[in-house]
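Letter by letter, the chains look like this.
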Amino acid sequence: MSISENIAKIFSKIDEAAEKVGKTRNDILLVAVSKTHPVEKIIEARDCGLCIFGENKAQELLQKYDKVKDVKWHFIGHLQRNKVKYIIDKVDLIHSLDSIPLAEEIDKRAKKVGRKMPVLIEVNIGKEESKSGIYEEDVLEFAKQLTEFENIILQGVMTIPPICEDANKTRDYFKRMKEIFENLKLLNYDNFDIKFLSMGMTNDFEIAIEEGANVVRIGTGIFGSRL
Ligand SMILES: *Cc1c(COP(=O)(O)O)cnc(C)c1O
């Protein structure tokens with residue numbers, strides 16, 4: 001199937017899932033995950049109307065950034081501190097804040113370029129060793145520590161749940177994320193603007209939307225499988 005057919009299919013599935021919870025596609029931000037895919041495919045997706053692209057490696061993002069105009073970029077992968085300076089003025093949202101030293105670096109670099117950087121806290125909801133992210137019981141405490149960073153704006157949370165055969169288990173992880181999201185909304189700090197619950201990928205975005213996701217990150221479903 002072509003990229004445009006893939007996108008149409010994803011949107012109709014988003015519509016369907018959103019409708020179940022009284023929302024429409026306009027309430028859901030679609031991040032097209034373009035990692036490993038060439039610039040030509042990204043341009044094709046852009047020309048079909050997609051406007052936010054997600055990359056998980058700083059270097060790859062830099063290469064694509066100059067070649068694809070009129071789109072926004074989100075950083076969705078584990079971010080090394082020494083790479084922050086390269087992307088700080090190029091991305092609209094970092095989904096993967098997972099440590100205080102990284103927050104310090106983002107804050108410092110954001111200040112240098114004169115911006116306030118929107119971030120999400122990555123939550124390791126399944127406590128998997130292979131994944132980075134904050135454990136759910138530590139998220140509120142971690143969030144409060146971010147109040148000291150004037151050039152960071154906390155906008156919500158992101159997760160990649162463990163791969164499970166059982167959709168009910170996946171749903172349960174998403175429900176727990178929703179709870180964390182709602183608890184964060186209750187905190188009232190100057191540099192908090194809690195509005196994004198980023199969860200759901202090609203295989204589970206419908207469940208994520210049903211459980212309250214308003215940002216979904218879809219790669220394979222749009223671009224096909226990665227090489
Ligand atoms: C690769 C990736 C995705 C997209 O995964 P698909 O299964 O291809 O949709 C989403 N989020 C993150 C953080 C990723 O690294």
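Because the structure is predicted, anything quoted here is derived from the model rather than measured. (Residues numbered from 1 in each chain as written. Predicted model: local features only at pLDDT ≥ 70, side-chain atom pairs only at ≥ 80, totals over all residues. Heavy atoms only, no water.)

(A) Structural view of the side chain of Gln155. Here Gln155 shows up in strand S6 (residues 152–159). Taking relative accessible area as the criterion, Gln155 reaches 9% and is therefore assigned buried. Aside from chain neighbours lying at most four places away, what touches Gln155 is Leu93, Pro118, Val119, Leu120, Asp193, Ile194, Lys195 and Phe196. (Helix = DSSP H or I, 4+ residues; strand = E, 2+ residues; numbered from the N terminus. Buried < 20%, exposed > 50% of the residue type's maximum accessible area, 1.4 Å probe, protein only. Contact = heavy atoms within 4.5 Å.)

(B) Looking closely at the pattern of salt bridges. One pass over the structure, following the stated rule, counts 18 salt bridges. The partner of Glu136 in a salt bridge is Arg176, with the nearest N and O atoms 2.5 Å apart. Of this pair, Glu136 sits in the loop between strand S5 (117–123) and helix H6 (139–145) while Arg176 sits in helix H7 (residues 167–185), and the two are 40 residues apart along the sequence. Salt-bridge contacts for Lys185 lead to Glu182; the nearest nitrogen and oxygen are separated by 3.5 Å. Linking Lys185 with Glu182, this pair stays in helix H7, spanning 3 residues, or about one helical turn. Take Lys185: its relative accessible area is 40%, and that puts it in the partly exposed class. Looking at Glu182, the relative accessible area reads 30%, which means it is partly exposed. (Salt bridge = Lys/Arg side-chain N within 4 Å of Asp/Glu carboxyl O.)

(C) Layout of the UniProt feature "modified residue: N6-(pyridoxal phosphate)lysine" (unreviewed entry) in the chain. Here, the residues flagged by UniProt with the feature "modified residue: N6-(pyridoxal phosphate)lysine" (unreviewed entry) are Lys35. Along the chain, the position of Lys35 falls in the loop between strand S1 (29–33) and helix H2 (39–47). Other than its neighbours up to four places away in sequence, Lys35 contacts Gly54, Glu55, Asn56, Glu60, Lys64 and Arg226. (UniProt positions renumbered as here; feature names shortened; annotations may be inferred.)

(D) Quick look at the UniProt feature "domain: Alanine racemase N-terminal" (unreviewed entry) in the chain. With numbering aligned to this structure, UniProt lists the feature "domain: Alanine racemase N-terminal" (unreviewed entry) at residues 27–225. Here residues 27–225 runs as 35% helix and 22% strand, with 27 Å between its end C-alpha atoms.

(E) Just unusual backbone geometry, in detail. Look at Asp70: it is not a glycine, yet its phi comes out positive at around 60°. Relative to the elements of secondary structure, Asp70 occurs in the loop between helix H3 (58–65) and strand S3 (72–75).

(F) How the structure looks around the environment of Gly22. Mapped onto the fold, Gly22 is located in the loop between helix H1 (3–20) and S1. Overall, Gly22 belongs to the exposed group, its relative accessible area being 68%.

(G) Spotlight on the site of the ligand. Val33, Lys35, Ile76, Met158, Ile160, Met201, Thr202, Arg217, Ile218, Gly219, Thr220 and Arg226 make up every residue found near the ligand. One nitrogen or oxygen atom from the side chain of Thr202 is found 2.5 Å from an oxygen atom belonging to the ligand. One of the side-chain N or O atoms of Thr220 is found 2.6 Å from an oxygen atom in the ligand. For the ligand, whose unbound accessible area comes to 390 Å², protein coverage reaches 91%. By residue class, the composition of the shell around the ligand is 6 nonpolar, 3 polar and 3 charged. (Near = heavy atom within 4 Å. Polar contact = N/O pair within 3.5 Å; in protein donor to acceptor, adjacent residues only side chain to side chain. Areas by Shrake-Rupley, 256 points an atom, 1.4 Å probe, with all protein chains shown as cover. Nonpolar A, V, L, I, M, F, W, Y, C, P; charged D, E, K, R; others polar.)

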